[in-house]
Amino acid sequence: MRPRSGARRRAVALALVAGVLLAGCAAPPAPTPAAWSGRLALTLATEPPQRWTASFELDGTPAHGVLRLYTSLGQTVATIHWDGAGAWLDRGDAPPRRYDSLEALTADLTGAPLPVAALFAWLGGAAQNVPGWEVDLTGQPQGRLRARRATPPPAADLRLLWQP
């Protein structure tokens, strides 16, 4: 005996409603960890100007990650870890030093707070707004990024190159 078409429609509708309700209970997906490596250059408009270059590896998410900085010969300069509890700087020559924020750590390390959390968006091609910073993503498809900060002093110019 064939089911009645009305009963079939109710069964299909009930299955669809159950699927929608179950999907609505699902937690939103966590940010997918990302990884990039390349070279970075930072210039600060101090007197005299300060310039740093390093190779970098950036892994994780804006909420939890690690940034490793290397000399041109491949020696580790610093390893920066962060999560919801703060940030840690490991230079290898002393115990890791804890900071309340990633911005405080990068300000102590370089002389200016750097937008490390925004790098995930910028490297991915999204122009995330960071107060004081202007990012130029026109070279992002070719693995080039430039971000500048005019205020507060010192002015900063950050450039990254990586393999897209």
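Above this note sits the structure.
Below is a short write-up of the structure. (Residues numbered from 1 in each chain as written. Predicted model: local features only at pLDDT ≥ 70, side-chain atom pairs only at ≥ 80, totals over all residues. Heavy atoms only, no water.)

Points about helix α3 (residues 116-123)
Part 1 of the argument: Counting buried positions along α3 yields seven of eight residues, so the element is predominantly enclosed.
Part 2 of the argument: For α3, the complete set of buried residues consists of V116, A118, L119, F120, A121, W122 and L123.
Part 3 of the argument: Immediately downstream of α3, the backbone of G125 shows phi near 95°, a positive value. (Buried < 20%, exposed > 50% of the residue type's maximum accessible area, 1.4 Å probe, protein only. Helix = DSSP H or I, 4+ residues; strand = E, 2+ residues; numbered from the N terminus.)

Observations regarding the packing of aromatic side chains
Part 1 of the argument: Overall, the coordinates contain two aromatic pairs when judged by the stated rule.
Part 2 of the argument: With 6.0 Å between their ring centres and 65° between their planes, W36 and F120 make a pair best called edge-to-face. Note that W36 is positioned in strand β1 (residues 34-44) and F120 in helix α3, a separation of 84 residues in sequence.
Part 3 of the argument: Classification of W36 as buried rests on a relative accessible area of 18%.
Part 4 of the argument: With a centroid separation of 6.2 Å and an interplanar angle of 65°, the aromatic rings of W82 and F120 are classed as edge-to-face. In this pair, W82 sits in strand β4 (residues 76-83) while F120 sits in helix α3, placing the two residues 38 residues apart along the sequence.
Part 5 of the argument: Judged by relative accessible area, which is 9%, F120 ranks as buried.
Part 6 of the argument: These aromatic residues form a ring-pair network of at least three members: W36, W82 and F120. (Phe/Tyr/Trp six-rings, centres within 6.5 Å; stacked < 30°, edge-to-face > 60°.)

Overview of the sheet that holds β1
Part 1 of the argument: A sheet is described by the order of its strands in space; here nine strands give the open sequence β6-β5-β4-β3-β2-β1-β9-β8-β7, paired in antiparallel fashion. Across the chains shown, the open sheet's two edge strands, defined by having one partner strand only, are β6 (97-99) and β7 (133-136). In this sheet, neighbouring strand axes are inclined to one another by 20° on average, regardless of whether the strands run parallel or antiparallel.
Part 2 of the argument: Across seven bridges, β1 lies against strand β9 (residues 156-162) in antiparallel orientation. Counterpart to L44 in the pairing with β9 is A156.
Part 3 of the argument: Along the sheet, helix α2 (residues 102-110) contacts β1, β2 (50-60), β3 (65-70), β4, β5 (86-90) and β6; its crossing angle with β5, the most-contacted strand, is approximately 30°. (Pairing = 2+ DSSP bridges. Axes fitted to C-alpha atoms, helices over the stretch in contact; angles between N-to-C directions. Contact = heavy atoms within 4.5 Å.)

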